[in-house]
Structure formats: structure tokens, C-alpha cells
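Secondary and tertiary structure notes
These are the residues of each chain, in order.
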Amino acid sequence: MISPGTLYVVATPIGNLADLSPRARETLAAVDAVCAEDTRHTRQLLAAFGLERPLVALHEHNEAEFAARLIARLRAGESLALVSDAGTPLVSDPGYRLVREARAAGLRVSPLPGACAAIAALSVAGVPSDRFCFEGFLPAKSSARRERLQQLARETRTLVFYESSHRIEESLADMAVVFGGAREAVLARELSKLFETVLGDTLGELTAKVAADENQRKGEFVLIVRGCEDDAAARLAEGQRLYAKLGEYLKPSQAAKLAAELSGAPRKALYGGEAGQD
Ligand code: SAM
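Residues numbered from 1 in each chain as written. Predicted model: local features only at pLDDT ≥ 70, side-chain atom pairs only at ≥ 80, totals over all residues. Heavy atoms only, no water.

**Considerations on the pairing of strand β4 (residues 80-83)**
Here β4 shows a buried face lined by L80 and L82 and a second buried face lined by A81 and V83. Pairing between strand β1 (residues 6-10) and β4: three bridges, direction parallel. Bridge pairing in β4 places Y8 opposite A81. Inspection of the sheet shows strand β2 (residues 33-36) paired to β4 by four bridges, in the parallel sense. By the bridge assignment, C35 is partnered in β4 with L82. (Buried < 20%, exposed > 50% of the residue type's maximum accessible area, 1.4 Å probe, protein only. Helix = DSSP H or I, 4+ residues; strand = E, 2+ residues; numbered from the N terminus. Pairing = 2+ DSSP bridges.)

Laid out in C-alpha cells, this is it:
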């Protein structure tokens, strides 16, 4: 049952078409138009269910501009659906501005829950999942990626990343360096598809497995990394991050003193006990 003037945020499958819910299908069949990240992709999805609806392209480059027009259509009483190429819109996908503006305009925004790769991966990872940090995609450049990972090295909650086939090997290797090769991780590949694989191991072992087997670098990935468990290790990781950053502006001994103070890590562990010699 469709309500006029409502924006329906509809989750679509992440691989297996049978994961589209009956309610999502009914809604997509009944709305006045479907706002889609890639209209060709969504046209095919709709066709697979015997549906054909007017489509509006809504991607990160035109979202700000199109949102106002779509809000006007909703205000005029039309009902619209928002979908992305796969999974739940707004989760590492466009839609945030439209949803925000629709809510700010007092319009009804209603979710149709369904597949989300991060949650699907978490549900089979077997790592603590009552609290977790969704980090989405890491930066593409290695230096920026390592810096981001340094910022997360102390995080005690489980970490959830999205990654593409182009960078999975590099990202795993960087994580093994920054978080330590012994940290537990789970690599969930091609969930709900033919080559679904869920590998659990240490970051060091996972990096080696993925480097050694080309097939393990194919497809789409969610990488789940267990949070930092050891408080002393967490303090040391934060101390090292601060020491490296402060070292850009201060003498090593000063950087070590300040980094130790701020992080709680022992100063000697940051500066090899040579404080005062520079
Ligand atoms: N909105 C989507 C969701 O709800 O999961 C995510 C969109 S994001 C642009 C695409 C990324 O999600 C992929 O690069 C991959 O990291 C992850 N992903 C999507 N489908 C997946 C699948 N079937 N198996 C593993 N990861 C997947």
C-alpha cells in the first residue's frame, strides 16, 4: 500500500535477486518514479521482476541539484522510491541529501529494509558484533590509507570496511602493517553470489592467502577486523601515531614526551629511551 507524498528508501539485493523482499517489489511497482544511482542497472533489476517504472538518475554529482525537483514532486503528492545499485541506499551510496531535504521539508521518508553487505558480512564473521564501526571505503592512496588506519589502530570495536578487487591486496597488507599481522580478521567475498567465500584468519595469514590466490582477489569484499583488544597495545598504537605526527613539528624528544602524555604510552617505547639526546 503506497502513500502519496512519500519517499520510500528501498534496499535491493547485493547479489542474489531472490533477496528482494515482496514488499520492496510491490513498492517499486507502485511508485510514480524510481530514483536510481545507475538507471540502466535499475532498469534491468526492475525488468527481472517484470516491472517498468519511470527512472530518475540520482548520483553524487547531481544529487544536490535534483533533490529540490524531487522534493517538489513529493510535495505535489507523488510517491517516489530511492534505490542504489545494490544493497541499502545511503550506505556508501548516494541518497543522503535527498533524504535529508525530504525530512527537512516535513515529508514522510519510509525505509524498506533489506540486504546490506556490511551487515551480511558481520552476521557470518563470528567476531564481537554488538558494537562495531562501519568505515566504508578506505582512501585509494597508500599514504592516506595508512594514516586512516593509524587513526583506527586503537579502536576497540570491530571494524567493518568495504573494498574493491583493485585494492584488496594492498589494503590487507597495509592493515597487517598498521594493526599488526596477528590481529584477527574476516574477509567476506561475493556474499549471496556463486563464489561466496568467507575466510577468517589473522591479518598476516589473510594477506598471504589473498596474495597467493588470484581467485581470492576477484569480486566484491567486506573486510571485518577485530577491534584492538589489548589496552597497552592500543595506547602504544596511539602513541606511535601521535609521535609520527608531532615529529613533523617538534624535536623527537619533545614529540615523544607529548605523545606519551597524550596517549598514555611509555615514552621510551616511542623514542627508544634516547630522549634528551637530540
Ligand atoms: N549500499 C551497499 C550495501 O548496502 O552494502 C554498498 C554499496 S558500495 C558502493 C559497494 C561495496 O559494497 C562493494 O565494493 C563491496 O565492498 C560491498 N559489497 C557489495 N555487495 C557485496 C557482496 N555481494 N559481497 C561482498 N561485498 C559486497
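**Section: the site of the ligand**
Near the ligand there are 19 residues, and of these T88, D93, A117, Y162 and F221 occur at the shortest range. Between the ligand and A86, the relevant distance is 3.2 Å, taken from a nitrogen atom to a main-chain nitrogen or oxygen of the residue. The backbone of E163 places a nitrogen or oxygen atom 3.2 Å from an oxygen atom of the ligand. Protein chains shield 91% of the accessible area of the ligand, which is 570 Å² for the free molecule. Elements with a minimum of two residues in the shell around the ligand: β7 (158-163) and β10 (221-225). Broken down by class, the residue content of the shell around the ligand amounts to 11 nonpolar, three polar and five charged. Lining the shell around the ligand are residues from two domains, each supplying at least three of them: domain 1 (6-115) and domain 2 (118-225). (Near = heavy atom within 4 Å. Polar contact = N/O pair within 3.5 Å; in protein donor to acceptor, adjacent residues only side chain to side chain. Areas by Shrake-Rupley, 256 points an atom, 1.4 Å probe, with all protein chains shown as cover. Nonpolar A, V, L, I, M, F, W, Y, C, P; charged D, E, K, R; others polar. Domains from an automatic or database assignment.)

**Concerning the packing of helix α3 (residues 63-75) against helix α4 (residues 96-104)**
It is at 9 Å that the axes of α3 and α4 come closest, and there the two elements cross at 40°. Regarding the angle of α3 to α4, the classification is oblique. The handedness of the crossing between α3 and α4 comes out as right-handed. The residues of α4 that touch α3, namely those facing E63, A64, A67, A68, L70, I71 and L74, are Y96, R97, L98, E101 and A102. Residues of the contact of α3 with α4, tallied by class, amount to nine nonpolar, no polar and three charged. (Axes fitted to C-alpha atoms, helices over the stretch in contact; angles between N-to-C directions. Parallel < 35°, antiparallel > 145°, perpendicular 65-115°, else oblique. Left-handed = near helix turned anticlockwise from the far one by under 90°. Contact = heavy atoms within 4.5 Å.)

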